[in-house]
Amino acid sequence: MKSFILGILIFVSWTAAVHSQQHIHGQGSVFIAQENDLWQVQFVLPASDILGFEHSPENEQQRLIAEQFDQKQKHFENLIQFDVNCTQVNYSQSSLEFGEDEHSDSHELSDNHEHSGEHEHSDIEILYLIECPDEVTQVSFPILNSSNNLQNLAVQWSIQTGQGSTLINPKRHQLKWH
Ligand SMILES: [Zn+2]
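In this report, we go over the structure that sits alongside the text. (Residues numbered from 1 in each chain as written. Predicted model: local features only at pLDDT ≥ 70, side-chain atom pairs only at ≥ 80, totals over all residues.)

1. Quick word on the overall build of the chain
We apply this condition: Note on conventions: DSSP H or I runs of at least 4 residues are helices, E runs of at least 2 residues are strands, and numbering of each starts at the N terminus. Any residue whose C-beta has 12 or fewer other C-beta atoms within 10 Å is treated as exposed, any with 20 or more as buried, and any in between as partly exposed, C-beta atoms being built from the backbone. Each residue is represented by a C-beta atom placed from its backbone, and any two residues with such atoms within 7 Å are regarded as in contact.
Helix and strand content of the chain: four helices and nine strands. Traced from its N-terminal end to its C-terminal end, the chain shows the element sequence α-β-β-α-α-β-β-β-β-α-β-β-β. Residue burial in the chain is summarised as follows: out of 178 residues, 26% are buried. Taking the contacts inside the chain whose residues are at least 6 apart along the sequence as the reference set, 69% of them involve residues at least 24 apart.

Listed below in structure tokens is the structure:
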């Protein structure tokens, strides 16, 4: 598994928490942290739930699916929506290397080349830094309604009004803090 390169570090300790999470098909994880107007939101989503496969795209159809999600994930509103106007400050993602052919002829003895014949689990990790000048009291997760195989999101938050965690599903895809 590649190390996750954070665009901007606010709560570094959460990276360790993310990597100790279990990979459960159908369930993603979301980590929300707030520091004044800045919100850091990290998604860890099983690639199988988002793309339908857990490896680099191997044909045109898979490349198209990967490209579509790549475009989609660039805007936080496609994954999480706040009840106030917010602006995306930064975004980074790491997981599958879209567009790169990992199965090159120079068969290096690295982790990246082990999965050609076997099943390997992959997560898509996306980090947003979002600025919300007004008080946020509620967020919702449209990603749950646009990904067929994603059934739950285990959401953890550490914000100015407190900490907590809950399981979000498409029927109850809003998280209210007040
Ligand atoms: Zn998997």
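2. Quick word on unusual backbone geometry
In this structure, N36 takes a positive phi of about 55 degrees despite not being glycine. Relative to the elements of secondary structure, N36 occurs in the loop between β1 (27–35) and β2 (38–46).

3. Quick notes on the pairing of β1
Note the threshold: DSSP-based pairing: two strands are paired if at least 2 bridges between them are found.
Note that β1 and strand β7 (residues 152–159) share seven bridges and pair parallel. Residue I32 lies in a different strand from β7, and its bridge partner there is W157. Relative to β2, β1 runs antiparallel, the two sharing seven bridges. Bridge pairing in β2 links A33 to Q40. Counting the residues in the hairpin turn of β1 and β2 gives two residues, including N36, whose phi is positive at 55 degrees.

4. Examining the sheet that holds strand β5 (residues 123–131)
Convention followed: Simply put, an axis is a line fit to the C-alpha atoms, just over the touching stretch for a helix, and the angle between two N-to-C directions goes from 0 to 180 degrees.
Spatially, six strands are ordered β4-β5-β2-β1-β7-β8 in an open sheet, and the strand pairing comes out mixed. The open sheet has two edge strands, β4 (87–94) and β8 (162–168), and neither has a second partner. For this sheet the average axis-to-axis angle between neighbouring strands, irrespective of direction, equals 15 degrees.

5. As for the nonpolar core
Short version of the rule: The term nonpolar core refers to a group of buried residues, namely Ala, Val, Leu, Ile, Met, Phe, Trp, Tyr and Cys, whose C-beta atoms join them within 7 Å.
Counting residues in hydrophobic clusters, the biggest one holds 31 residues, and the most contacted among them are V30, I32, V41, F43, I50, Y128 and I130. When residues of this core are traced back to their parent elements, those giving at least two are β1, β2, α2 (47–50), α3 (60–72), β5 and β7. Tallying contributions element by element places β5 first for this core, with six residues. Setting aside chain neighbours within four positions, we find I130 in contact with W39, V41, F76, C86, T87, Q88 and V89.

6. What to know about the environment of S165
With respect to the helices and strands, the residue S165 is situated in strand β8. You can call S165 partly exposed: it has 13 C-beta atoms within 10 Å. Excluding its chain neighbours within four sequence positions, the residues that come into contact with S165 are A154, V155 and Q156.

7. A look at the pairing of β8
Across the seven residues that make up β8, only a small minority, zero, are buried. Here seven bridges tie β7 to β8, and the two strands are oriented antiparallel to one another. Residue pairing across strands places V155 opposite T166, the latter belonging to β8. Hairpin connection of β7 to β8: two residues between the antiparallel strands.

8. Examining the sheet that holds strand β3 (residues 81–82)
The antiparallel open sheet is built from three strands, whose spatial order is β3-β6-β9. Edge positions in the sheet fall to β3 and β9 (174–176), since each of these pairs with one other strand and no more. Across two bridges, β3 lies against strand β6 (residues 138–140) in antiparallel orientation. Along β6, the bridge assignment pairs F82 with V139.

9. Focus on the environment of S122
Inspection of the secondary structure puts S122 in the loop between β4 and β5. On the basis of neighbour count, S122 is assigned to the buried category, with 21 C-beta atoms found within 10 Å. S122 sits 67 residues away from H55 along the chain, and the two C-alpha atoms are 7.1 Å apart.

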